[in-house]
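Architecture and fold: a report
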2 protein chains.
Amino acid sequence: MGTTDDLRFHGGADAYLAACPSRQILDVLANKWTMLVMGALSGGPMRFGELRRRLDGITQKMLTQTLRTLERDGLVTRTVYPTIPPRVEYAATELGESVTTLMHGIRTWSEANINAVLDARDTYDVRAAQEVRPVTA
Amino acid sequence: MGTTDDLRFHGGADAYLAACPSRQILDVLANKWTMLVMGALSGGPMRFGELRRRLDGITQKMLTQTLRTLERDGLVTRTVYPTIPPRVEYAATELGESVTTLMHGIRTWSEANINAVLDARDTYDVRAAQEVRPVTA
DNA sequence: CGGTATCCTCTTTGATACTG
DNA sequence: CAGTATCAAAGAGGATACCG
């Protein structure tokens, strides 16, 4: 029992190690479009076109690419209704639902603390400008 | 009261809009190195070299760049002790601490569910391979 | 409608060398 | 130790055209 060529982990995953597979899924989650797609799907299934309109600024290519990755990783399901024109619905899987909560937290934080961040940026930028040419008089 | 050229928000931030500044912070947070840096700093201040060793695979350039961004956005403080050789410590600000919790959740999820994701990938890849050449016999 | 395929650009990142 | 600067390589992403 216990072949050594089993790439699965049994309690030792560490995303801080470059070679650990958990780093791969972290890369998928730590992505702007992943955050927004999963957040959008938290409210229930959505069609391709609905998602594209909801995610302002996303291109068709990026949306398709993001959805394919999420489907492959088992976070969303893709259901095709062979009507004319075609109807394709995306939905979070059970595994994906547990992610949407985390994504929602990040997005909510961003929206809630944007002003504090913008203020910090102003302060930082003003300081940086002063250091280049300190007031000498 | 209330000049119209105030770029700050007062309750209407929406990261789904490309032009909304909250999208910018989302971009900063939705980043592999940001996740790991903030996670590392959740345990207290760390020196530059410590962070570099902790974040396996990061280059000096990327670590510096990530830390500068986080400092500018008010999530991290940078303290220089003018000794020889120099000693520089990074620590999460109060604002940053509220982020580390979220980052920790994402990283923990990645480590806990990596096996489920790897299984999903296997299934997906096998299906994709079969579709190209279905078993006809 | 919901894609795929191609080309092309622009940003991100890595590698390397040098500095207070 | 903790950076900065520079150049080259890589890859992400956008625009466009076409398909079932």
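Everything numeric in this text was worked out from a predicted model, so none of it was measured.

Quick look at the environment of proline 45 of chain A
Residue and element names in this part refer to chain A. Counting through the fold element by element, proline 45 comes out in the loop between helix 2 (32-41) and strand 1 (46-47). Given the relative accessible area of 52%, proline 45 is considered exposed. Sequence-distant contacts of proline 45, that is, excluding residues within four places in its chain, are made with Glu89, Tyr90 and Ala91.

Here we look at the sheet that holds strand 3 (residues 87-92) of chain A
Residue and element names in this part refer to chain A. In space, the three strands of this open sheet follow the order 1-3-2, with antiparallel pairing throughout. This sheet does not close on itself; its edge strands, each paired only once, are strand 1 and strand 2 (76-81). Bridge count between strand 2 and strand 3: six bridges; the pairing is antiparallel. From the neighbouring strand, threonine 77 faces strand 3, where its bridge partner is alanine 91. Contacting strand 1, strand 2 and strand 3, helix 2 crosses the sheet at an angle of about 95 degrees to strand 3. Contacts from helix 4 (residues 60-72) reach strand 2 and strand 3 within the one sheet, and its direction differs from that of strand 2 by about 115 degrees.

Re the interface of chain A and chain B
On the chain B side, the residues contacting the 59 residues of chain A number 59 residues. Together chain A and chain B conceal approximately 5400 Å² of surface at their shared face, both sides included; 63% is due to carbon and sulfur atoms. Inspection of the chain A/chain B interface yields four salt bridges. Notably, a salt bridge pairs arginine 121 of chain B with aspartate 73 of chain A, separated by 2.6 Å at the nearest N-O pair.

Examining the packing of helix 2 (residues 32-41) of chain B against helix 4 (residues 60-72) of chain B
Residue and element names in this part refer to chain B. Closest axis-to-axis distance for the helix 2/helix 4 pair is 10 Å, and the angle between their directions is 75 degrees. By the angle between their directions, the pair helix 2 and helix 4 is classed as roughly perpendicular. Across the interface between the two elements, Trp33, Thr34, Val37 and Met38 from helix 2 touch Met62, Leu63, Thr66, Leu67 and Leu70 from helix 4. In the contact of helix 2 with helix 4, the residues fall into seven nonpolar, two polar and no charged.

Focus: the protein's contact with DNA strand D
Close to DNA strand D lie 16 residues, the nearest being Lys61 of chain A together with Gly49, Gln60, Arg78 and Tyr90 of chain B. Expressed as a percentage, the sugar and phosphate content of the atoms of DNA strand D within 4 Å of the protein is 57%. In this structure, a phosphate oxygen belonging to DNA strand D sits 2.8 Å away from a main-chain N or O atom of glycine 49 of chain B. Only helix 4 of chain A together with helix 3 (48-54), helix 4 and strand 3 (87-92) of chain B provide two or more residues apiece to the surface near DNA strand D. With four residues, helix 4 of chain B is the single largest residue contributor to the surface near DNA strand D. Its residues assigned to classes, the surface near DNA strand D shows seven nonpolar, four polar and five charged.

What to know about the relation of the copies chain A and chain B
Superposing chain A onto chain B requires a rotation of 180 degrees together with a translation of 0.0 Å along the rotation axis, leaving an RMSD of 0.0 Å. One copy is carried onto the other by what is essentially a two-fold rotation axis. Relative to the rotation axis, the closest C-alpha in chain A is found at alanine 30 of chain A, a distance of 2.2 Å. The fraction of interface residues of chain A whose copies in chain B are also interface residues reaches 100%, indicating that both copies meet through the same surface.

Points about the pattern of salt bridges
Here the structure, examined in full by the defined rule, presents eight salt bridges over all chains. With its nearest N and O atoms 2.6 Å apart, the salt bridge here joins aspartate 125 of chain B to arginine 72 of chain A. In this pair, aspartate 125 of chain B is assigned in helix 5 (residues 94-132) and arginine 72 of chain A in helix 4, connecting two distinct chains.

A closer look at the UniProt feature "domain: HTH hxlR-type" (unreviewed entry) in chain A
Residues annotated by UniProt as "domain: HTH hxlR-type" (unreviewed entry) correspond here to residues 20-118 of chain A. Strand forms 14% of residues 20-118 of chain A and helix 65%; the C-alpha atoms that close the span are 35 Å apart.

Focus on helix 4 of chain B
Because the α-helix completes a turn every 3.6 residues, residues three or four places apart line up on one side. Residues and elements named next belong to chain B. A rise of 1.5 Å per residue sets the reference length of helix 4, with its 13 residues, at 18 Å; its end C-alpha atoms lie 18 Å apart and thus fit the reference within 8%. Here helix 4 has its buried residues at Leu63, Thr66, Leu67 and Leu70. Down the axis of helix 4, the buried side of the element spans an arc of 95 degrees, and every buried residue falls inside it. Taken from the residues just after helix 4, glycine 74 is the one with a positive phi, measuring 80 degrees.

Basis of the calculations
- Residues numbered from 1 in each chain as written.
- Chains lettered and ligands numbered in written order.
- Predicted model: local features only at pLDDT ≥ 70, side-chain atom pairs only at ≥ 80, totals over all residues.
- Heavy atoms only, no water.
- Helix = DSSP H or I, 4+ residues; strand = E, 2+ residues; numbered from the N terminus.
- Buried < 20%, exposed > 50% of the residue type's maximum accessible area, 1.4 Å probe, protein only.
- Contact = heavy atoms within 4.5 Å.
- Pairing = 2+ DSSP bridges.
- Axes fitted to C-alpha atoms, helices over the stretch in contact; angles between N-to-C directions.
- Buried area = accessible area lost by both parts, 1.4 Å probe.
- Salt bridge = Lys/Arg side-chain N within 4 Å of Asp/Glu carboxyl O.
- Parallel < 35°, antiparallel > 145°, perpendicular 65-115°, else oblique.
- Nonpolar A, V, L, I, M, F, W, Y, C, P; charged D, E, K, R; others polar.
- Near = heavy atom within 4 Å.
- Polar contact = N/O pair within 3.5 Å; in protein donor to acceptor, adjacent residues only side chain to side chain.
- Least-squares fit on C-alpha atoms with pLDDT ≥ 70 in both.
- UniProt positions renumbered as here; feature names shortened; annotations may be inferred.
- Expected span 1.5 Å × (residues − 1).
- Arc of directions from axis to C-beta.

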